[in-house]
Amino acid sequence: MDIIFIKKLIVMAFIGVYDWEQQRLQKLIFDIEVGWNNVTAALSDNINDSISYTAISEAVLSWVHGKHFALIERVAEEVAELLINKFSLTWVRIKIQKPSAVPYAKSVGVIIQRSIKELKN
Ligand SMILES: Nc1nc2c(c(=O)[nH]1)N=C([C@H](O)[C@@H](O)CO)CN2
């Protein structure tokens, strides 16, 4: 399995467990990896044989930007499900950082991996 990836996609959302966090936008940073066989696209040199990282980025932005969530775990789960369903993927890995959450840490966050098999169960 090959991988198509996006690193450090910045999306603003109302994210957090505290009331004040639901009043102001905060930055989330996404690293996304999707499993895809790149051989066909490499041979054809045609984007239609691949998944556009632009399309993936836009899908994540339009799902998350400006929305309200409590936990970043929830955001990660929704994005994993969205990408698997929208692009007929078998596997995704989503890392979300919330860099402003812990003052003395550079960043905190979650990493999840989901497969189509897990989602169907
Ligand atoms: N595992 C998690 N821990 C925490 C989260 C979270 O989304 N997942 N969120 C918070 C608060 O919203 C925090 O970021 C406010 O600064 C705390 N812990």
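In this numbering scheme, every chain counts its residues from 1 along its sequence in written order. Owing to the predicted nature of the model, reporting of local features is limited to residues with pLDDT of at least 70; listing and counting of side-chain atom pairs is limited to 80 or more, with chain, interface and lining totals taken over all residues. The side-chain values count all of the structure's non-hydrogen atoms but skip hydrogen atoms and water molecules.

1. Structural notes on the environment of Leu 119
Counted only if it meets this: Helix and strand labels come from DSSP, where a helix needs a run of H or I of at least four residues and a strand needs a run of E of at least two; each type is numbered from the N terminus. When checking whether two residues touch, look at their non-hydrogen atoms; a contact exists if any pair is within 4.5 Å.
Position of Leu 119 relative to the elements: it lies in helix H4 (residues 116-120). Each C-alpha atom of the pair Leu 119 and Thr 90 lies 9.9 Å from the other, and the pair is 29 residues apart in sequence. Discounting chain neighbours no more than four positions away, the residues touching Leu 119 are Glu 81 and Ile 84.

2. Some words on helix H2 (residues 53-64)
How we decide: One less than the number of residues in a helix, times 1.5 Å, gives the span that helix is expected to have. Any residue under 20% of the maximum accessible area for its type is buried, any over 50% is exposed, and the rest in between are partly exposed; the area is computed with a 1.4 Å probe on protein chains only. Arc, as used here, means the arc of the directions from the helix axis to the C-beta atoms. Within 3.5 Å is the distance limit for a polar contact, defined as a pair of N or O atoms, with the added protein rule that one can donate a hydrogen and the other accept it, and that residues adjacent in sequence qualify only through two side-chain atoms.
For H2, with 12 residues, the first-to-last C-alpha span of 17 Å sits near the 16 Å given by 1.5 Å per residue. When we look at burial in H2, the residues that qualify are Ile 56, Ser 57, Ala 59, Val 60 and Val 64. Buried residues of H2 fall within an arc of 160° about the axis and therefore sit on the same side. Counted as exposed and oriented over 90 degrees from the buried face of H2: Glu 58 and Ser 62. Buried positions along H2 lie against strand S1 (2-15), strand S2 (26-36), strand S3 (68-69) and helix H3 (72-86). Structurally, the start of H2 carries an N-cap: the backbone nitrogen of Thr 54 is 3.0 Å from a side-chain oxygen of Ser 52.

3. Brief notes about the packing of aromatic side chains
Convention followed: Two aromatic rings, drawn from Phe, Tyr or Trp (for Trp, its six-membered ring), form a pair once their centres lie within 6.5 Å of each other, and the interplanar angle then sorts them: stacked below 30 degrees, edge-to-face above 60, tilted otherwise. For a ring to carry a charge above it, either NZ of a lysine or CZ of an arginine must fall within 6 Å of the ring centroid while also lying within 35 degrees of the normal to the ring plane.
The final tally for this structure, using the stated rule, is zero aromatic pairs. A cation sits over an aromatic face here: Lys 67 above Trp 63, 5.7 Å from the ring centre. Over the ring of Phe 87 we find Lys 86; its NZ or CZ atom is 6.0 Å from the centre of that ring.

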